[in-house]
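Structure assessment
So you can see what is in the structure, the chains are spelled out below.
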Amino acid sequence: MRRWRKKRRIFKSKVRIKAKKRVLKEEKITQGVSPLVEKYWLQRYDLFWRYDEGIKLDEEGWFSVTPEEIAVGHAQRCTGAGVVIDCFAGVGGNAIQFARVCDHVVAIDIDPEKVALAMNNAKVYGVEDHIDFVVGDFFQLAPSLKGDVLFLSPPWGGPSYKMTKKFTLDSLKPKDGHSMFQVAQKITPHIIMYLPRNVDLLEVEQLSWLSSPPLDIEIEGNTVRGHLKAITVYFGDAAITQLCLPQTLSGAACKVCI
Ligand SMILES: C[S@@+](CC[C@H](N)C(=O)[O-])C[C@H]1O[C@@H](n2cnc3c(N)ncnc32)[C@H](O)[C@@H]1O
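Residues numbered from 1 in each chain as written. Predicted model: local features only at pLDDT ≥ 70, side-chain atom pairs only at ≥ 80, totals over all residues.

The criterion, for reference: UniProt positions are given in the numbering used here, feature names are shortened, and annotations may be inferred rather than shown by experiment.
Going by the annotation in an unreviewed UniProt entry, the name recorded for the chain is Trimethylguanosine synthase, with Coffea arabica given as the source organism. Within the UniProt record for the chain, the comment given under Sequence similarities (unreviewed entry) is "Belongs to the methyltransferase superfamily. Trimethylguanosine synthase family."

See the structure below:
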């Protein structure tokens, strides 16, 4: 019995030493990463599986990029679609995944640095030739845009969005969610919105009533490692739940089905 207790003590202390070593190793690696970003850096492979191959992010990019598993899910819904417009493309988390399964992506961001980072990251994934990168204000460009699916991943106002119990659509930046949706609808009714997990779902549902007849709508919770990270809302044909449509949104034969 005593020998068994001694063995257990040794085992426990070995586990403690291993954990301590792991923490020290992580601390050593995170030196040079700003404290604001550290938390996100530790999740770097959830953000980009190919992080080590040359992915680059700026500070805003770290906390605003869509985790890759979620971006893959968004893209799967659009498999075979003609043109997807990513209106707030950031460092390219979504645009890259859309480019892997759709004919073409238009990736817009108002910040030239973000567009440069998105271009770099698209090269890492080998999809840069399928993306048109545009530096510009989505709202100014909107009247001239044409596409089959519109993806809206606007700024949520930084990590402080978590502080409120219910995130209302008027807290979205740079314009409130209703105005944004109305602008988007003029381009196509097939819209995907990526929103905070605490968004007011009643308000979200009301967006579909802005059309007559109301648009089909589907609301999806997005988890990473079992934690709810965000909400995605699919409108129009994007709300059809099959992964692969027999006819794509643009009417062309789906690349995956044929
Ligand atoms: C939440 S981030 C997008 C993250 C992106 N989905 C990704 O995975 O990398 C929102 C982006 O919108 C951009 N933005 C803000 N106002 C904009 C505008 N009026 N037009 C286009 N982009 C804008 C910001 O520069 C920021 O990069």
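Next comes the rest of the description.
1. Overview of the overall build of the chain
Operational definition: Secondary structure elements are defined from DSSP: runs of H or I of at least 4 residues count as helices, runs of E of at least 2 residues count as strands, and each element is numbered from the N terminus. Here the C-beta atoms are placed from the backbone, and a residue counts as buried if at least 20 other C-beta atoms lie within 10 Å of its own, exposed if 12 or fewer do, and partly exposed otherwise. Throughout, a residue-residue contact means that the two C-beta atoms, derived from backbone geometry, are no farther apart than 7 Å.
When helices and strands are counted, the chain shows 10 helices and seven strands. By residue count, 35% of the 258 residues in the chain fall in the buried class. Partitioning the intrachain contacts of the chain with sequence separation of at least 6 by distance along the chain shows that 63% fall at a separation of at least 24.

2. What to know about the sheet that holds strand 2 (residues 104-109)
The condition that has to hold: DSSP bridges decide pairing: two strands pair if at least two such bridges lie between them. Axes, fitted as lines to C-alpha atoms, cover a helix only where it is in contact. Angles between the N-to-C directions of the axes lie from 0 to 180 degrees.
The mixed open sheet is built from seven strands, whose spatial order is 3-2-1-4-5-7-6. The outermost strands of the open sheet, each flanked by one partner alone, are strand 3 (131-135) and strand 6 (217-224). In this sheet, adjacent strand axes meet at a mean angle of 20° when their direction is disregarded. Sheet topology places strand 1 (residues 83-86) next to strand 2; four bridges connect them, and they run parallel. Bridge pairing in strand 2 links V83 to H104. Contacts between helix 10 (residues 201-208) and the sheet are confined to strand 5 (191-196), strand 6 and strand 7 (227-235), with strand 6 contributing the most and set at about 140° to the helix.

3. Comments concerning the site of the ligand
The cut-off we apply is this: By definition, a residue lies near a molecule or strand provided its backbone-derived C-beta atom is within 6 Å of it. Under the convention adopted here, Pro, Cys and the residues Ala, Val, Leu, Ile, Met, Phe, Trp and Tyr are nonpolar, Asp, Glu, Lys and Arg are charged, and Gly plus all remaining residues are polar.
Residues in close proximity to the ligand total 22 residues, the closest being S64, F88, G90, G93 and S153. Of all the secondary structure elements, the ones that give two or more residues to the shell around the ligand are helix 6 (93-101), strand 2 and helix 8 (138-141). Considered class by class, the residues forming the shell around the ligand number 11 nonpolar, seven polar and four charged.

4. Things to note about helix 9 (residues 177-185)
Filter applied, for reference: Each direction from the helix axis to a C-beta atom contributes to the arc, which is the arc of those directions.
For helix 9, the full list of buried residues reads G177, M180, F181 and A184. The arc that holds the buried residues of helix 9, viewed along the axis, is 95°, so those residues lie on one side.

5. Here we look at unusual backbone geometry
Following K173, the chain continues into P174 via a peptide bond in cis, with omega recorded as -5°. The residue P174 is located in the loop between strand 4 (149-152) and helix 9 in this model. In this structure, the amide linkage connecting S212 to the following residue, P213, adopts the cis form with an omega of -5°. Along the polypeptide, P213 turns up in the loop between helix 10 and strand 6. Within the chain, R225 stands out as a residue other than glycine whose phi angle is a positive 50°. Note on placement: R225 falls in the loop between strand 6 and strand 7.

6. Quick word on the confidence of the model for the chain
Note the threshold: The predictor attaches a confidence to each residue, called pLDDT, with possible values from 0 through 100.
The share of residues in the chain with pLDDT of 70 or more is 86%, and the mean pLDDT across the chain is 88. Confidence drops under pLDDT 50 across residues 241-258; counting only partners more than four residues distant or on other chains, this segment forms 32 contacts.

7. Re the environment of D109
Within the element layout of this structure, D109 appears in strand 2. Sequence separation of D109 and F88 is 21 residues, and the distance between their C-alpha atoms is 5.2 Å. If we skip the residues at most four places from it in the chain, D109 touches F88, A89, G90, K114, V115, A118 and V135.

8. Notes on the pairing of strand 3
Our working rule: Seen with its strands pointing away from the viewer, a crossover is right-handed when the path leading from the first strand over the helix to the second is clockwise.
The sheet contact formed by strand 2 and strand 3 spans five bridges and is parallel. From the neighbouring strand, V105 faces strand 3, where its bridge partner is I131. In this region the chain leaves strand 2, passes through helix 7 (residues 112-124) and returns to the parallel neighbour strand 3; the handedness of that crossover is right-handed.

9. Brief notes about the environment of A95
Here A95 shows up in helix 6. Considered as a pair, A95 and V106 are 11 residues apart in the sequence and their alpha carbons are 7.9 Å apart. Not counting residues within four places of it along the chain, the set of residues in contact with A95 comprises D86, A89, V105, A107, A118, A122 and I131.

10. A short note on helix 5 (residues 68-76)
Looking at helix 5, one finds that the buried residues are E68, I70, A71, H74 and A75. Along the axis of helix 5, the buried residues cluster in a sector spanning 160°; they form a single face. The inward-facing, buried residues of helix 5 contact helix 3 (44-47), helix 6, strand 4, strand 5, strand 6 and strand 7.

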